[in-house]
Amino acid sequence: METQAVLENEKTGAMEGKYLTFVLSNEEYGLEILKAKEIIGMMDITSVPQTPKFIKGVINLRGKVIPVIDLRLKFGMPEKEYTKETCTIVVDVQGLLMGIVVDTVSEVLDIVEADIEPPPTFGSNIETNFILGMGNIKGKVKILLNIDKILSSVDLATLEKAAA
Amino acid sequence: MFKDMKLGVKLGLGFSMVALILVVAVLTSIWQVGKTSTVTNRVMTLRAPTSQSSLAMLNGINHSLAALRGWIILSKDKFKKERAKAWNDEINPSLKTMKTFAVNWTNPKNVERLRIIEENLKKFNQFQIEIEDIAQTVDNTPALKILFVQAAPQASILIGNITKMIDAELKVSMQDSWNTYQGDVARRQELLLRIKADFGYGGLIHKFKNYVLRGKPKYLESIRALHLSITETIGEYSSVNGLTAEEKSALAVVQETANKYMSAADHVSTLLTGEDTMVSDLDKAVKIDDSPAIAGFEVLNSRYEALVSEKGKHMTGAVKRKEILGMMADVRGTTGLGLANIRAYLLSGDEKFRKLFEKFWAKNTTRFADLKKNVHLLTDEQKNAFKEFSDARKKFNPLPPKMFKIRGSLEWNLANRWLGTKAAPTAFKIKTQLDAMQANQVQLMATDIKEADRLTGVLNKLEWALLFAGIVLSAVIGFFITRGITKPINRIIAELTEGSSQVSAASSQISSSSQSLASGASQQAASLEETSSSLEQMTSMADQNAKNTREAASLANGATKTAEKGLEAMQRMTESIDSIKKSSDETARIIKTIDEIAFQTNLLALNAAVEAARAGEAGKGFAVVAEEVRNLAQRSAEAARTTSQMIEESQNNADSGVKVSEEVAVSLNEINENVKKVTSLVNQVASSTDEQARGVSEMNQAVTQMDSITQQNAASAEESASASEELNAQAGQLDSVVDDLAQVVGGRSINGSNGNGSRPHLSQDTTDVMPKKQHELHEPAHQAPPKKQLKELQEAKTVKADEVIPMDDGDFKDF
């Protein structure tokens, strides 16, 4: 136990820092600030055929072609109409730039170790490695995401292809 | 037998008898009057005119004598005319008249008288003519004749000659007057001295010599001046009195010499100014001979001396002449005065004039002698005149005594003498005869007048007798004829009266029936009036309805218009609300833009935070800035949200406003609809009202027709009433005519009226008339029919009237 606790502490100790919070289907999520490259408003997405649904397409960001995924669809949430608050966060995933569409971007928070909880376990069947932890700020729980773990390798490959 | 004759015959007979009486009377009068008139005629045409003519003749004689006297005294022609007139207009005509009457005279003595008168008138006229002819002629007064014919001519010769002598004397004195003489002498002296001065030393000749020697122009000027003075003085000298021929020629010579000097001076001047002048030329120029002038001066001087020496002679001569003038003046004066006194004495006969004449004549004789002594001093003219004077005086001298003698005698004025001694006695003789004739005529006239009176008396008695006879006969005849005429006329009168009463009854019946007709018609008219008035009311109400309807229609129109206006306003409101919405939409858009900007700024801030995080330690400050920027962005986002909320609210309000206006529009439309319905209803009402009015007017027309018919009925009833009135009037007239006739015949009226025939008016009950008439007719008139008979007649007539015109009120009801 102690090890686990220490492991957890180490884990949580490693998680403290600045997080970029955003809202997705009335839930607040957080994202490591270092992973986020840029936040942009919604642009025209050029859809790429023969790609999974959650891959919306590609965008042209200052000459660079970046694939865009809809996080809602990835998480299996119902699709929502894009509003003026909908933004695209450009993240760096294992060296690959991609954009994720979120409902709104809130703020940059500096979360301390004390406010982070390790991710909950819902049994061994459900995979929760994409959650870094649960942040607790002013009574509000924000799910801190591990962006690297959201997309599987398959997805990554597809993404690469799409971007090519 | 008298009664059987015709009316005309009766009248004729009666009038002819009256006429016969009249004729007899008139003839008798004429015969008597004729006798009277003969006598009066005699008086008028014989006696009176004769008497008148003798008076006229007497007047004529007196007039002629007066005119003659006037002629003698005043010698105006009008007296001659008057005398002639007296003879022509009075004496001669009256003589002629008397001669004409003399044929009829009854007294032979008067004829003899007339003969004497005629004879003497001839003589009288002759005397008058003689007197008239001589009067005012110079022969009438022999003394005056001598004066005019003999004395006066001589006297005028005397006066003429002495006057001639006096005039001549004055002329001589004037010529030889001492003063004139003195003046002439003095004048000569003065002028001669002046000429001498101008000519001699310091004068013309001296100046000329100086000029020749020295040549100075001032000398030429003085020469010119002296020459002018000399010429002037010579001119004056020529006009002096008593200039002799020698003197005149002397003056001319002097003038000539002066002229020579003047022209020489001029010549010298030209020579002096010329360049080629030689002394010899000058010498020639100045050679002038003075000797003629000097001789002339001598002549003038000697004349002057001669005149001076005559002085003494003139003085003595002048004094003596004055004496002679005095003598001549005395002679003339006394001659004139003497003549005047002769005249005065002859005219007046006053001795003082004779004495004055003798005084003057004595003086005349004395002065005449004086003049005779000085006859040698007279001029030839005067001597001739004096001779004639002496001759005339010799002739004149014996005449005054002769004249005076005649003046003293009785035969001084022949006209007066003859008047007294010849004309007057003859006139007296004539007058005596005329007076005798006059007296005789008066006597005869008296006798004739007495005869005339007697005859008129006889005529008077005769007239009275005839008058009486005539009256009696006329009365008798008149009575019988009148009776014969009036009986039949009275009978006719009675019949006429009956007839008129019948007519009257009938007319009263007609009147009553027409009265009832008229009353029925008037009732009808009254009810028609009521109907008409109620129709009027209906018409007025219908009119009122129509008016109200029109008002309602107009109001509905107004409402429609108002609703339309409301709709319009609604539309405008909607438009404005739309514009509000548009502007708030725009505002929302802008807010959205702001919101977007805020969002983008937020993103930018987040990006900045990311970069700051990436920067690590170095980016901490930047992270703060990014945080602030994000805060700012959030704030603007907040503001934008609030604003958009507000805009939403206002949009909602605008929407609700629009809804409300729509509701309002709906209600307005409803109103419009209702108004349209109302309008249509009102129109319906209007049309029905019109129909109503039409119906009423038709009814009105019908009523009017009925009214007119009723009026016609009433008019006809009136007419028949008036016709019956007329009939009544005619009956009345007939009555009056009958009355007149009765009056003419019987002297009184049968119908009790004063003859204008007025019957009682038919509006009264006709039964009143009947009893009165019956009563009247019962008065006794000697020609009236029996009373009973008349009453029956009247009753019968009353019944007859009703039967003739069977009318009752029942008939009128149907009408």
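All figures in this text were calculated on a predicted structure; none of them were measured in a lab.

1. Description of the overall build of chain B
Okay, step 1: From N to C terminus, chain B includes 19 helices and 0 strands.
Okay, step 2: In chain B, the share of contacts with a sequence separation of at least 24, taken over all contacts with a separation of at least 6, comes to 82%.

2. Here we look at the overall build of chain A
Okay, step 1: A count of helices and strands for chain A gives 4 helices and 11 strands.
Okay, step 2: Expressed as a percentage of the 164 residues in chain A, the buried residues total 29%.
Okay, step 3: Pairs at least 24 apart in sequence give 54% of the contacts found in chain A among residues at least 6 apart.

3. Section: the interface of chain B and chain A
Okay, step 1: Taken together, the contact between chain B and chain A spans 11 residues of the former and 15 residues of the latter.
Okay, step 2: Ranked by residue count, the leading element in the side of chain B that touches chain A is helix H15 (residues 414–615) of chain B, at 10 residues.
Okay, step 3: When the residues that make up the side of chain B that touches chain A are grouped by side-chain class, the tally is 6 nonpolar, 2 polar and 3 charged.

4. Comments concerning the environment of Gly-349 of chain B
Okay, step 1: Inspection of the secondary structure puts Gly-349 of chain B in the loop between helix H11 (311–348) and helix H12 (351–373).
Okay, step 2: Each C-alpha atom of the pair Gly-349 of chain B and Gly-408 of chain B lies 7.7 Å from the other, and the pair is 59 residues apart in sequence.

5. Focus: the confidence of the model for chain B
Residue and element names in this part refer to chain B.
Okay, step 1: For chain B, per-residue confidence averages 82 on the pLDDT scale, and 89% of positions sit at 70 or higher.
Okay, step 2: For chain B, the element scoring lowest by mean pLDDT is helix H17 (residues 769–777), at 40; H12 scores highest, at 90.
Okay, step 3: Here residues 752–758 is a poorly scored stretch, pLDDT under 50, and it has 15 contacts once near neighbours within four places are set aside; other chains count.
Okay, step 4: For this predicted complex, the interface confidence comes out at an ipTM of 0.82, alongside a pTM of 0.34.

6. Things to note about the sheet that holds strand E9 (residues 116–117) of chain A
Okay, step 1: Here we have 6 strands laid out as an open sheet, ordered E8-E1-E2-E11-E10-E9 (chain A), and mixed in their pairing. Edge positions in the open sheet fall to strand E8 (104–111) and E9 of chain A, since each of these has one partner strand only.
Okay, step 2: Pairing between strand E10 (residues 131–137) of chain A and strand E11 (residues 140–145) of chain A: 6 bridges, direction antiparallel. Paired with Ile-131 of chain A across the bridge in E11 of chain A is Leu-145 of chain A.
Okay, step 3: The strands touched by H15 of chain B are strand E1 (17–24) and E8 of chain A; relative to E8 of chain A, the strand with the most contacts, the crossing angle is about 30°.

7. Details of the packing of helix H7 (residues 217–238) of chain B against helix H8 (residues 245–273) of chain B
Residues and elements named next belong to chain B.
Okay, step 1: At their nearest, the axes of H7 and H8 sit 10 Å apart, and the two run at 165° to each other. Classed by the angle they form, the pair H7 and H8 counts as roughly antiparallel. Crossing of H7 over H8 shows left-handed handedness. For the pair H7 and H8, contact is made by Leu-220, Ile-223, His-227, Ile-230, Thr-231, Ile-234, Tyr-237 and Ser-238 and by Leu-251, Val-254, Gln-255, Ala-258, Met-262, Ala-265 and Ser-269, respectively.
Okay, step 2: Classifying every residue of the contact of H7 with H8 gives 10 nonpolar, 5 polar and no charged.

8. Some thoughts on helix H2 (residues 77–102) of chain B
Residues and elements named next belong to chain B.
Okay, step 1: Between its first and last C-alpha, H2 extends 36 Å over 26 residues, near the 38 Å set by a 1.5 Å rise per residue.
Okay, step 2: At Trp-87, H2 shows its strongest bend, of approximately 30°.
Okay, step 3: The complete set of buried residues in H2 reads Phe-79, Arg-83, Ala-86, Trp-87, Glu-90, Ile-91, Ser-94, Leu-95 and Met-98.
Okay, step 4: Tucked into the core, H2 has its buried residues touching helix H1 (7–74) and helix H3 (108–134).

9. Describing the nonpolar core
Grouped burial of nonpolar side chains is what soluble globular proteins tend to show.
Okay, step 1: In terms of nonpolar packing, the biggest core is built from 50 residues, with Leu-20, Leu-31, Ile-89 and Val-102 of chain A together with Leu-606 and Ala-609 of chain B touching the most fellow members.
Okay, step 2: At 12 residues, the largest contribution of residues to this core is made by H15 of chain B.
Okay, step 3: With residues up to four places along the chain from it excluded, the contact list for Ala-609 of chain B reads Val-108 of chain A together with Ala-623, Ala-626 and Glu-627 of chain B.
Okay, step 4: Counting 29 residues, the second-largest nonpolar core is a separate cluster that includes Ile-146, Phe-357, Phe-389 and Phe-396 of chain B.

10. Observations concerning unusual backbone geometry
All names here are of chain A.
Okay, step 1: If you check the backbone angles, Gln-94 has positive phi at about 45° while not being a glycine.
Okay, step 2: Its location among the elements puts Gln-94 in the loop between strand E6 (87–93) and strand E7 (96–102).
Okay, step 3: For Gln-94, a count of 9 C-beta atoms within 10 Å gives the class exposed.
Okay, step 4: For Lys-138, which is not a glycine, the phi torsion comes out positive at approximately 50°.
Okay, step 5: Within the element layout of this structure, Lys-138 appears in the loop between E10 and E11.
Okay, step 6: We classify Lys-138 as exposed; it has 6 C-beta atoms within 10 Å.

11. Some details on the sheet that holds strand E4 (residues 55–61) of chain A
All names here are of chain A.
Okay, step 1: With respect to topology, 5 strands assemble into an open sheet ordered E3-E6-E7-E5-E4, the strand pairing being mixed. Because the sheet does not close on itself, it has two edges, and the strands there are strand E3 (36–41) and E4. Averaged over all adjacent pairs, the angle separating strand axes in this sheet is 30°, with direction ignored.
Okay, step 2: Where strand E5 (residues 64–70) meets E7, 3 bridges bridge the pair, whose relative direction is parallel.

12. A few points about the packing of helix H6 (residues 204–214) of chain B against H7 of chain B
All names here are of chain B.
Okay, step 1: Packing of H6 against H7 brings their axes to within 9 Å, and their N-to-C directions diverge by 160°. Comparing their axes, H7 and H6 come out roughly antiparallel. Crossing angle aside, the handedness with which H6 passes H7 is left-handed. In this structure, H6 contributes Leu-204, Lys-207, Phe-208, Asn-210, Tyr-211 and Arg-214 to the contact, and H7 contributes Tyr-219, Leu-220, Ser-222, Ile-223, Leu-226, His-227 and Ile-230.

13. What about the pairing of E11 of chain A?
Residues and elements named next belong to chain A.
Okay, step 1: For strand E2 (residues 27–32) and E11, the ladder comprises 3 bridges, and the chain directions are parallel. Looking at E11, one finds that Leu-31 is bridged to Leu-145.
Okay, step 2: From the end of E10 to the start of E11, which pair antiparallel, there are 2 residues, and Lys-138 there has a positive phi angle of about 50°.

Cut-off values and rules
- Residues numbered from 1 in each chain as written.
- Chains lettered and ligands numbered in written order.
- Predicted model: local features only at pLDDT ≥ 70, side-chain atom pairs only at ≥ 80, totals over all residues.
- Helix = DSSP H or I, 4+ residues; strand = E, 2+ residues; numbered from the N terminus.
- Contact = placed C-beta atoms within 7 Å.
- Buried ≥ 20, exposed ≤ 12 C-beta atoms within 10 Å, placed from the backbone.
- Nonpolar A, V, L, I, M, F, W, Y, C, P; charged D, E, K, R; others polar.
- pLDDT = per-residue confidence, 0-100.
- Pairing = 2+ DSSP bridges.
- Axes fitted to C-alpha atoms, helices over the stretch in contact; angles between N-to-C directions.
- Parallel < 35°, antiparallel > 145°, perpendicular 65-115°, else oblique.
- Left-handed = near helix turned anticlockwise from the far one by under 90°.
- Expected span 1.5 Å × (residues − 1).
- Bend = angle between axes of the 7 residues up to and from the residue.
- Core = buried A, V, L, I, M, F, W, Y, C linked by C-beta atoms within 7 Å.

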